[in-house]
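# Structural features, examined
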Amino acid sequence: MKLKYILVRDFFNIALGTWIVLVGLESFNAGMVQRHLNLEYWFYFLIAAFIVCRLVRKN
Amino acid sequence: MSINKINIIYFFRYLWLALALILVIAVVFDSMSVKKTLNYRLNFHKSISPDITGWYPESRISQASFLSMDGVDLIAEPVYLKVYAPSDFSIMRVEGQISTYSPYSEQDIRLGLKQKMGDWDFKKITEKNFSLTYDLSEVKRNKNQFELILSIPSMQENARVGLVNNWQIFLER
């Protein structure tokens, strides 16, 4: 497996896992996360990272 | 795959994991480290901050104030302010200064706190330096935020009301 793909995939997986944890914390206590971080923008970033991940895998 | 490449993979994998862990711990720690009292110093020049949103609508506030000290002008009323409260508090105290050309007895300056039933718990500001205390037992919390209103129903078009940029909000358990 290509080094580049593994690096991008690891980054995406960890970003996704962190986002899920933060969404859980935000649901548990509203405002806890959103005061500091915009989870919506993070979600868009995840979509972009997923696309990059697919493109790297193809090439 | 060479050992060098595997090392690179592990380095970045643990780097991202460490950063993610630090982020989650920082957010949780920030939320849990709430003391019995919380003090917010408001900055009227910055309408959005992590703890305070307002005054809004921004079009009703002029940043160029007639005040000789740091502050903002109220162009129209009412204006609103949201205060973030990370946990349950029983009392809120608002302190600050408000400046106006007309005597305070002629003005009907009111600061209110939104209640569960949708009405406002209004308290009158009767002097330049004021301190108002609110009971939070019936307050409406929306996403852990309280909503304040500053209303001057008798406000004329040419009236000048200045909010000195030294307001503080104290939350107590």
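Treat the numbers as computed from the prediction; the structure is a model and nothing was measured.

## Considerations on unusual backbone geometry
Residues and elements named next belong to chain B.
- Note the cis peptide between Y56 and P57, where omega equals -5 degrees.
- Assignment of secondary structure puts P57 in the loop between β2 (52-56) and β3 (61-62).
- For the bond from E77 to P78, the omega torsion is 0 degrees, close enough to zero to count as cis.
- By the element assignment, P78 lies in the loop between β4 (71-74) and β5 (79-84).
- Of note, the phi angle at K143 is positive, near 55 degrees, even though the residue is not glycine.
- Along the chain, K143 turns up in the loop between β9 (129-135) and β10 (145-151).
- According to the relative accessible area criterion, K143 is exposed, its value standing at 59%.
- Unusually for a residue other than glycine, N144 sits at a positive phi of about 60 degrees.

## Observations concerning the environment of I169(B)
Residues and elements named next belong to chain B.
- When you line up the elements, I169 lands in strand β12 (residues 168-172).
- A residue is classified by how much of its surface remains accessible, and I169, at 0% relative accessible area, is buried.
- Along the sequence, I169 and L132 sit 37 residues apart, while their C-alpha atoms lie 9.7 Å from each other.
- Apart from residues no more than four positions distant in its own chain, I169 is found in contact with L38, N39, Y40, L42, L81, V83, M92, R93, V94 and L148.

## Some points on the packing of aromatic side chains
- Under the counting rule described, the total for this entry stands at 14 aromatic pairs over all chains.
- Aromatic side chains Y80(B) and W120(B) sit 6.1 Å apart centroid to centroid with 40 degrees between the ring planes, which places their arrangement in the tilted category. Here Y80(B), found in strand β5, pairs with W120(B), found in strand β8 (residues 120-124); they are 40 residues apart in sequence, far enough to count as distant.
- Taking the relative accessible area as the measure of exposure, Y80(B) reaches 21% and is therefore partly exposed.
- Here W120(B) falls in the partly exposed class, since its relative accessible area comes to 23%.
- Members of the aromatic cluster, connected to one another through ring pairs, are F11(A), F45(A), F11(B), F12(B) and W16(B).
- Cation over ring: K123(B) sits above Y134(B), and NZ or CZ is 5.4 Å from the ring centre.
- Against the face of F89(B) rests R173(B), its NZ or CZ located 5.6 Å from the ring centre.

Conventions we followed
Residues numbered from 1 in each chain as written. Chains lettered and ligands numbered in written order. Predicted model: local features only at pLDDT ≥ 70, side-chain atom pairs only at ≥ 80, totals over all residues. Heavy atoms only, no water. Helix = DSSP H or I, 4+ residues; strand = E, 2+ residues; numbered from the N terminus. Buried < 20%, exposed > 50% of the residue type's maximum accessible area, 1.4 Å probe, protein only. Contact = heavy atoms within 4.5 Å. Phe/Tyr/Trp six-rings, centres within 6.5 Å; stacked < 30°, edge-to-face > 60°. Lys NZ or Arg CZ within 6 Å of the ring centre and 35° of its normal.

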